[in-house]
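Working through the structure, step by step
Each chain, letter by letter, is given below.
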Amino acid sequence: MTRDNVGSDHPGGPTAAQYASALALISAIGLLGIAAGAFALASTACGCAEPADLVVVNQSRAPAVLDWKTPGVLGTPLLRAGGHIDAAACGVSSWPLADGEVSITASSADTRTVHVTVSGGDGALAVFLLIDARGHVSDAMTNWPPGTDDTTTCP
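None of these values were measured; they are calculated from a predicted model.

Focus on the sheet that holds strand 1 (residues 54–58)
Ordered by their spatial adjacency, three strands build an open sheet running 4-1-7, and the pairing between neighbours is mixed. Every interior strand has two partners, whereas the edge strands, strand 4 (91–95) and strand 7 (127–131), have only one. On average, adjacent strands in this sheet sit at an angle of 15 degrees to one another, irrespective of strand direction. Bridging between strand 1 and strand 4 involves five bridges; their strand directions are antiparallel. From the neighbouring strand, Val56 faces strand 4, where its bridge partner is Ser93.

Quick word on the packing of aromatic side chains
Scanning all chains against the criterion turns up one aromatic pair. With centroids separated by 5.1 Å and ring planes inclined at 45 degrees, the aromatic side chains of Phe128 and Trp144 adopt a geometry described as tilted. You can see Phe128 sitting in strand 7 and its partner Trp144 sitting in the segment after strand 7, a full 16 residues away along the chain.

A word on the environment of Phe128
Exposure remark for Phe128: the relative accessible area of 8% places this residue in the buried category. On a C-alpha basis, the gap between Phe128 and Ser138 in space is 8.9 Å, while along the polypeptide they are ten residues apart. Sequence-distant contacts of Phe128, that is, excluding residues within four places in its chain, are made with Val55, Asp139, Ala140, Met141, Thr142, Asn143, Trp144 and Pro145.

Let's talk about the sheet that holds strand 5 (residues 100–107)
Spatial ordering of the open sheet is given by 3-2-5-6, a layout of four strands whose pairing is antiparallel. In this open sheet, the two strands that pair with only one neighbour each are strand 3 (82–87) and strand 6 (111–118). In this sheet, neighbouring strand axes are inclined to one another by 20 degrees on average, regardless of whether the strands run parallel or antiparallel. Examined bridge by bridge, strand 2 (residues 64–69) and strand 3 share six bridges and lie antiparallel to one another. From the neighbouring strand, Trp68 faces strand 3, where its bridge partner is Gly83.

Overview of the pattern of salt bridges
For the coordinates displayed, the defined rule picks out two salt bridges. Among the ionic pairs, Arg112 bridges to Asp139, the shortest N-O distance being 3.3 Å. Here Arg112, found in strand 6, pairs with Asp139, found in the segment after strand 7; they are 27 residues apart in sequence, far enough to count as distant.

As for the nonpolar core
In this structure, Leu54, Leu66, Trp68, Leu97 and Ile104 are the most contacted members of the largest nonpolar core, which totals 21 residues. Breaking this core down by element, the ones donating at least two residues are strand 1, strand 2, strand 3, strand 5, strand 6 and strand 7. Among the nonpolar cores identified, the runner-up in size contains five residues, and Val55, Ala126, Phe128 and Leu130 belong to it.

Examining the environment of Ala52
Inspection of the secondary structure puts Ala52 in the loop between helix 1 (16–45) and strand 1. For the pair Ala52 and Ser93, spaced 41 residues apart in sequence, the C-alpha to C-alpha distance is 9.5 Å. Excluding anything up to four places from it in sequence, Ala52 contacts Ser94, Trp95 and Ala126.

What counts, and where the lines are drawn
Residues numbered from 1 in each chain as written. Predicted model: local features only at pLDDT ≥ 70, side-chain atom pairs only at ≥ 80, totals over all residues. Heavy atoms only, no water. Pairing = 2+ DSSP bridges. Helix = DSSP H or I, 4+ residues; strand = E, 2+ residues; numbered from the N terminus. Axes fitted to C-alpha atoms, helices over the stretch in contact; angles between N-to-C directions. Phe/Tyr/Trp six-rings, centres within 6.5 Å; stacked < 30°, edge-to-face > 60°. Buried < 20%, exposed > 50% of the residue type's maximum accessible area, 1.4 Å probe, protein only. Contact = heavy atoms within 4.5 Å. Salt bridge = Lys/Arg side-chain N within 4 Å of Asp/Glu carboxyl O. Core = buried A, V, L, I, M, F, W, Y, C linked by side-chain atoms within 4.5 Å.

Now the structure itself:
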């Protein structure tokens, strides 16, 4: 007997279609596992510390948009945290951020990116951004912006 039929199905063995179905099922389970893991990491990435890590004092009559992100593993997008924040006009808003090096891009009349370090432990200090009446974004501050408080309204 020769082995001329090397690619043929063996009686009672799995077919090529069954192999393909099994591979697709295993791949789908793996992708669902990765997605669930990513969701779990993303939902815990926020430091959610009290007091807030970022306080925006917006004295402009227009809302401001802030996007924040942390670098991922070795500077890649892998396990990177981030979010989108809408700061109300004529008011003070605050949010928790993920711990570590954070880049915050604030857009109002101008756009500015500031880099801060967030540590969510006890004694952590908030970072303050002031958006003045003309919509200009300040550098990051470690104290309340001069001449403002948590009841700031538009001048």
